[in-house]
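# Observations on the model geometry
Okay, here's what each chain looks like letter by letter:
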Amino acid sequence: MDVFEAIEGRRSVRSFKPDQIDEKDLEKILDAGRLSPSAGNCQPWEFVVIRDKTSKQKLVLAALGQSFVAEAPVVVVVCANIHRSSNRYGRRGAELYCIQDTAAAIQNMLLAAYALGYGTCWVGAFDEEAVARAIKAPPSIRPVGIIPIGKPAEKPRATPRLPLSKIVRENQF
Ligand SMILES: Cc1cc2nc3c(=O)[nH]c(=O)nc-3n(C[C@H](O)[C@H](O)[C@H](O)COP(=O)(O)O)c2cc1C
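### Quick look at the side chain of S55
Note on placement: S55 falls in helix α3 (residues 53–62). In this structure the side chain of S55 is engaged in a polar contact, spanning 2.7 Å, whose partner is the side chain of D52.

### Overview of helix α2 (residues 23–34)
End to end, α2 covers 16 Å across 12 residues, agreeing with the expected 16 Å (1.5 Å per residue, within 8%). Among all positions in α2, only D25, L26, I29, L30, A32 and G33 are buried. Viewed along the axis of α2, the buried residues span an arc of 150°, placing them on a single side of the element. Opposite the packed face of α2, turned more than 90 degrees from it, sit the exposed residues K24, E27 and K28. Those residues of α2 that are buried are in contact with β1 (45–50), β2 (74–81), α5 (82–115) and β4 (141–150). Among the residues of α2, the N-terminal cap falls to D22, whose side-chain oxygen and the backbone nitrogen of K24 are separated by 2.8 Å.

### Comments concerning the nonpolar core
Membership of the largest hydrophobic core comes to 22 residues, with the highest contact counts inside it found for L59, V69, V77, V123, V131 and I146. Apart from the residues lying within four places of it in its own chain, the contact partners of L59 are I50, V69, V75, V77, V131, A134 and I146. Core analysis: the next-biggest nonpolar cluster, separate from the first, contains 18 residues, L30, A80, M109 and I149 among them.

### Thoughts on the pairing of β2
Counting buried positions along β2 yields 8 of 8 residues, so the element is predominantly enclosed. Alternating residues of β2 divide into V74, V76, V78 and A80 and V75, V77, C79 and N81, and every residue in both groups is buried. For β1 and β2, the ladder comprises 6 bridges, and the chain directions are antiparallel. Bridging from a neighbouring strand, V49 pairs with V76 of β2.

### Observations regarding the site of the ligand
S12, R14, Q66, W122 and R161 are the nearest of the 13 residues found near the ligand. Within the side chain of R14, one N or O atom sits 2.6 Å away from an oxygen atom of the ligand. In the model, an oxygen atom of the ligand is placed 3.0 Å from a nitrogen or oxygen of the A125 main chain. Out of a free accessible area of 620 Å², the ligand has 64% covered by protein chains. Residues of the shell around the ligand, tallied by class, amount to 5 nonpolar, 4 polar and 4 charged.

### So, the layout of surface pockets
A volume near 250 Å³ is recorded for the largest pocket. Those elements that provide at least two residues to the lining of the largest pocket are α1 (3–9) and α5. Class assignment of the residues belonging to the lining of the largest pocket gives a composition of 4 nonpolar, 3 polar and 6 charged. Roughly 210 Å³ of internal volume is contained in the second largest pocket. Elements represented by at least two residues in the lining of the second largest pocket include exactly α5 and β3 (119–120). For the lining of the second largest pocket, a count of residues per class yields 6 nonpolar, 4 polar and 4 charged.

Definitions and limits used
Residues numbered from 1 in each chain as written. Predicted model: local features only at pLDDT ≥ 70, side-chain atom pairs only at ≥ 80, totals over all residues. Heavy atoms only, no water. Helix = DSSP H or I, 4+ residues; strand = E, 2+ residues; numbered from the N terminus. Polar contact = N/O pair within 3.5 Å; in protein donor to acceptor, adjacent residues only side chain to side chain. Expected span 1.5 Å × (residues − 1). Buried < 20%, exposed > 50% of the residue type's maximum accessible area, 1.4 Å probe, protein only. Arc of directions from axis to C-beta. Contact = heavy atoms within 4.5 Å. Core = buried A, V, L, I, M, F, W, Y, C linked by side-chain atoms within 4.5 Å. Pairing = 2+ DSSP bridges. Near = heavy atom within 4 Å. Areas by Shrake-Rupley, 256 points an atom, 1.4 Å probe, with all protein chains shown as cover. Nonpolar A, V, L, I, M, F, W, Y, C, P; charged D, E, K, R; others polar. 1 Å grid on protein atoms, 1.4 Å probe; cavity = no way out; pocket = protein on both sides within 12 Å on 5 of 7 lines; lining within 4 Å. Points joined across faces, edges and corners; volume = space filled by probe spheres on them.

Keep in mind that these numbers describe shape and distance, not what the molecule does.
Written out as structure tokens, the structure is:
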């Protein structure tokens, strides 16, 4: 699958089959995140792989009851390691770059998962402190996204996008 097919075909999947994920596939997905660009190549991302039911249930509660999160055989909590960016870039690293970099890693992982036949959903609506508690994150680690990964049990339709004519401007607003 080429990159354009993946970009066009990926959907948020919110229903999963119980089938396990092939470990090599999971490694490829995590590796796609690892290969993302980052400010100053600081690579501030951390990936917490969750398979056990109790931890998944804690994530569901932290994610305001989004129960499909626990349906997936694997859930990856993608976090930003604030110090890795702030050591070099100070406040801009802590407040902006580490979040941007981690978001880029998430998108790479979503596309890689789709190309390998898996469904994902970027879950960002959660109580950050509750997620941090669930994964025992130290204070310098900020959870950015919860990513359930599994074989899709639904085929969601494409969601609409604004046309380029509404979002592209020449030279200025
Ligand atoms: C930062 C961010 C946070 C999101 N949070 C949630 C969420 O908490 N729950 C959910 O079901 N979907 C969530 N989504 C998925 C969006 O709803 C979805 O990407 C959007 O509707 C476009 O649909 P598509 O992904 O199928 O193209 C989130 C997406 C992003 C990028």
